[in-house]
Amino acid sequence: MMSPVTMMPSRTRDLEELPEIRRKEIESAPCAMGAAENEVDSNVAVRTLFCNLLQQIGEDPRRVGLLRTPHRAAKAWEHLTAGYKMNIETVLNGAVFEETYDEMVVVTDIDFYSMCEHHLLPFFGKAHIAYVPNGKIVGLSKLPRIVDVFAKRLQVQERMTREIADTINKYLDPLGVAVVCEAQHMCMMMRGVEKQNSFTMTSAMLGSFKEPNTRAEFMNLIANKRS
Ligand SMILES: [Zn+2]
């Protein structure tokens, strides 16, 4: 049987096992611990920030368990904020079609993960989207992609909801758009009021969804999904 140590990737081995020269390098600049082989490297400046953060909260970045944490955290943040580098035109490329269908199109329960811009803590939940086409429809898989463009950045739920609705409105020019987001906020659950079971609901209703009947039809669809 292999010992646990030999099963570990080389980058997480105990510092003592590293060659003297490599150990010195890490001890002098812990955030130098970047990508392992065959892995994409992380942003060195962000890595350094996380290294400083570890020190400032009273941790030791040279502790074996934390050796690659600045690298992993930098990679994680790159993913969590990938929306800044996404472009709606690229996302929608080739997926807007001329179509005479003019009934409500509804996609519910689109999972999203975002970061609260006030606390840099996650909020996450589901987005429900509906629109009534006016000659143009969009590939259904593009709606979750649009949600991602706005979720993967620093946000407040209210603005994110509105941005998703405005984007669909702009690129499809439909008769109406509705977006409802329901989310749990870690900044409410882990700190502050520490309320574990509260959901925050936000909505943006444009065009025909301002009419009570159309709005009610959509809201009933979401409510029926839940019961
Ligand atoms: Zn917050």
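As a reminder, the structure under discussion sits directly above these lines.
Only a predicted model underlies this, so the values are computations on that prediction, with no experimental measurement involved.

Caption draft 1: Structural context of unusual backbone geometry. Within the chain, Asp109 stands out as a residue other than glycine whose phi angle is a positive 60°. By the C-beta count within 10 Å, which is 13 here, Asp109 ends up partly exposed. Phi is positive for Asp173, close to 45°, though the residue is something other than glycine.

Caption draft 2: Quick peek at the environment of Ser198. The residue Ser198 is located in the loop between α8 (186–189) and β7 (200–207) in this model. The spatial distance from the C-alpha of Ser198 to the C-alpha of Glu182 is 9.9 Å, given a sequence separation of 16 residues.

Caption draft 3: How the structure looks around the environment of Val180. Checked against the element boundaries, Val180 lands in strand β6 (residues 176–185). Looking at Val180, the number of C-beta atoms within 10 Å reads 20, which means it is buried. Considered as a pair, Val180 and Ile222 are 42 residues apart in the sequence and their alpha carbons are 9.0 Å apart.

Caption draft 4: How the structure looks around the nonpolar core. Judged by nonpolar contacts, the single largest core of 30 residues is most densely connected at Ala127, Ile129, Val147, Ile164 and Val179. Taken together, the elements giving at least two residues each to this core come down to β2 (105–116), β3 (122–132), β4 (136–138), α6 (142–151), α7 (157–172) and β6. Setting aside anything within four residues of it in sequence, one finds Ile164 in contact with Ala127, Ile129, Ile146, Val147, Phe150 and Val179.

Caption draft 5: Main features of the packing of α6 against α7. Where α6 contacts α7, the axes come no closer than 9 Å and their chain directions differ by 135°. The pairing of α6 with α7 is recorded here as oblique in orientation. Note on packing geometry: the crossing formed by α6 with α7 is right-handed. Note on element contacts: α7 touches α6 through Met160, Glu163, Ile164, Thr167 and Ile168, opposite Ile146, Val147, Phe150 and Ala151. Considered class by class, the residues forming the contact of α6 with α7 number seven nonpolar, one polar and one charged.

Caption draft 6: Representation of α6 in the model. The buried count for α6 comes to eight of ten residues, which makes it a mostly enclosed element. By the burial criterion, the buried members of α6 are Lys142, Leu143, Ile146, Val147, Asp148, Val149, Phe150 and Ala151.

Caption draft 7: Up close: the pairing of β3. β3 sits mainly inside the fold: eight of its eleven residues count as buried. Across nine bridges, the pairing between β2 and β3 is antiparallel. What sits directly across from Tyr113, in β3, is Phe124. In this antiparallel pair of consecutive strands, β2 and β3, the connection spans five residues, and Leu120 shows a positive phi of 55°. Direction of pairing for β3 relative to β6: antiparallel, over a ladder of ten bridges. What sits directly across from Phe124, in β6, is Gln184.

Caption draft 8: Summary view of the sheet that holds β2. Overall, mixed pairing links the five strands, which are arranged β5-β2-β3-β6-β7 in an open sheet. Looking at which strands have only one partner, the edges of the open sheet turn out to be β5 (154–155) and β7. Across the sheet, α6 touches β2, β3 and β5, and the angle it forms with β2 is around 20°.

Caption draft 9: Spatial organisation of α7. For α7, with 16 residues, the first-to-last C-alpha span of 23 Å sits near the 22 Å given by 1.5 Å per residue. What α7 keeps buried is the set Gln157, Met160, Thr161, Ile164, Ala165, Ile168 and Leu172. One side of α7 carries all its buried residues, which in axial view fall inside an arc of 130°. Phi turns positive one or two residues past the end of α7, at Asp173, with a value near 45°.

Caption draft 10: Inspection of the packing of helix α3 (residues 44–56) against helix α4 (residues 69–80) at higher detail. Between α3 and α4, whose axes approach to 8 Å, the crossing angle comes to 120°. Comparing the axis directions of α3 and α4 gives the class oblique. Here α3 runs over α4; the crossing is right-handed. Across the interface between the two elements, Val46, Arg47, Phe50, Cys51 and Leu54 of α3 pack against Thr69, Pro70, His71, Ala73, Ala74 and Trp77 of α4.

Here is what the cut-offs are and how they apply
Sequence positions are assigned chain by chain, starting from 1 and proceeding in written order. Local features are withheld for residues below a pLDDT of 70 in this predicted model, meaning they are given only at 70 or higher, and side-chain atom pairs are given and counted only at 80 or more; totals for whole chains, interfaces and linings count all residues. Any residue surrounded by 20 or more other C-beta atoms within 10 Å of its C-beta is treated as buried, while 12 or fewer makes it exposed and the intermediate range makes it partly exposed; C-beta atoms here are placed from the backbone. Secondary structure elements are defined from DSSP: runs of H or I of at least 4 residues count as helices, runs of E of at least 2 residues count as strands, and each element is numbered from the N terminus. Buried Ala, Val, Leu, Ile, Met, Phe, Trp, Tyr and Cys residues form a nonpolar core when they are connected through C-beta atoms within 7 Å. Contact between residues is assigned whenever the C-beta positions, reconstructed from backbone atoms, fall within 7 Å. Note on geometry: axes are C-alpha line fits, over the in-contact stretch for helices, and angles between N-to-C directions span 0 to 180 degrees. Roughly parallel means an angle under 35 degrees; roughly antiparallel means over 145; roughly perpendicular covers 65 to 115; every other angle is labelled oblique. By convention, the crossing between two helices is left-handed when the near helix turns anticlockwise from the far helix through less than a right angle, and right-handed when the turn is clockwise. Residues are grouped as follows: Ala, Val, Leu, Ile, Met, Phe, Trp, Tyr, Cys and Pro are nonpolar; Asp, Glu, Lys and Arg are charged; all remaining types, including Gly, are polar. Strand pairing is defined by DSSP finding a minimum of two bridges between the two strands. Multiplying 1.5 Å by the residue count of a helix minus one yields the expected span of that helix. By definition, the arc is the one covered by directions from the helix axis to the C-beta atoms.

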